[in-house]
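Given next are the chains, with one letter for each unit.
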Amino acid sequence: MTEFKKEDYIKYRLAKADETLEAAEVLLRSKLWNSTVNRLYYSCYYAVNALLLQNEILAKSHTGVKSQFFLNFVKSGKIPKELGKLYADLFDARQKGDYNDLYDFEEQSATLLRDGSVKLILKIKELIISR
């Protein structure tokens with residue numbers, strides 16, 4: 001079995017974030033708003049996971065990832081509050097879009113979430129690179 005280093009997992013998760021963000025862009029152009037929001041959430045989720053891993057912070061669930069992210073990065077000011085709010089909004093939006101019947105996003109909200117997701121992922125990469 002191949003031995004992986006922490007850095008390999010971090011690179012992998014950041015690559016997954018980029019790939020999933022690219023998929024969200026395709027879905028956005030195709031006007032598939034709920035699927036766009038789902039992929040935006042996961043692109044940020046992968047990036048947040050990379051940041052937590054780099055800092056040796058473990059979380060076992062999506063809620064745990066969100067809690068650890070806020071506790072260790074938003075509250076400390078390493079991540080701006082507006083980007084922390086964006087991640088919380090994506091978390092809630094993904095739940096609504098995936099599990100609530102008769103709930104559909106609109107182009108404007110999907111586009112705003114995309115713009116914020118790009119900023120959040122860039123900020124996370126900046127923090128990872130600067131370490």
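Preceding this paragraph is the structure being described.
Analysis parameters
Residues numbered from 1 in each chain as written. Predicted model: local features only at pLDDT ≥ 70, side-chain atom pairs only at ≥ 80, totals over all residues. Heavy atoms only, no water. Core = buried A, V, L, I, M, F, W, Y, C linked by side-chain atoms within 4.5 Å. Buried < 20%, exposed > 50% of the residue type's maximum accessible area, 1.4 Å probe, protein only. Helix = DSSP H or I, 4+ residues; strand = E, 2+ residues; numbered from the N terminus. Contact = heavy atoms within 4.5 Å. Polar contact = N/O pair within 3.5 Å; in protein donor to acceptor, adjacent residues only side chain to side chain. Phe/Tyr/Trp six-rings, centres within 6.5 Å; stacked < 30°, edge-to-face > 60°. Lys NZ or Arg CZ within 6 Å of the ring centre and 35° of its normal. Salt bridge = Lys/Arg side-chain N within 4 Å of Asp/Glu carboxyl O.

### Details of the nonpolar core
Counting residues in hydrophobic clusters, the biggest one holds 40 residues, and the most contacted among them are F69, I79, Y87, L120 and I124. Elements represented by at least two residues in this core include exactly α1 (6–29), α2 (33–54), α3 (62–74), α4 (81–99) and α5 (107–130). Here this core takes 14 residues from α2, the largest share from any one element.

### Some thoughts on the environment of K125
Inspection of the secondary structure assignment puts K125 in helix α5. Residue class for K125 comes out partly exposed when judged on its relative accessible area of 21%. On a C-alpha basis, the gap between K125 and S35 in space is 24 Å, while along the polypeptide they are 90 residues apart. Sequence-distant contacts of K125, that is, excluding residues within four places in its chain, are made with L14 and D18.

### Brief notes about the side chain of S117
Mapped onto the fold, S117 is located in helix α5. Polar contacts involving the side chain of S117 include one to the main-chain carbonyl oxygen of L113, which spans 2.7 Å. Ignoring sequence-local partners within four residues, the contact set of S117 consists of L21, L40, C44, L86 and L90.

### Quick look at the packing of aromatic side chains
Counted according to the given criterion, the structure contains 11 aromatic pairs. Each residue in the set Y41, Y42, Y45, Y46, F69, F70, F73, Y87 and F91 is aromatic and connected to the rest through ring pairs, giving one cluster. The positively charged end of K66 is found above the aromatic ring belonging to F91, 4.2 Å away from the centroid.

### Remarks on the pattern of salt bridges
Two side chains with opposite charge may pair up if their charged atoms get near one another. Taken as a whole, this structure holds six salt bridges when the rule is applied. Measuring nitrogen to oxygen at the nearest pair gives 3.2 Å for the salt bridge that ties K6 to E56. Residue K6 is located in helix α1, and its partner E56 is located in the loop between α2 and α3; the two are separated by 50 residues in the primary sequence. Residue classification places E56 among the exposed residues on the basis of a relative accessible area of 63%. Among the ionic pairs, R114 bridges to D115, the shortest N-O distance being 2.7 Å. Take D115: its relative accessible area is 33%, and that puts it in the partly exposed class. In this structure, a network of salt bridges that share partners links the residues E25, R114 and D115.

Nothing here speaks to function; it is all geometry.
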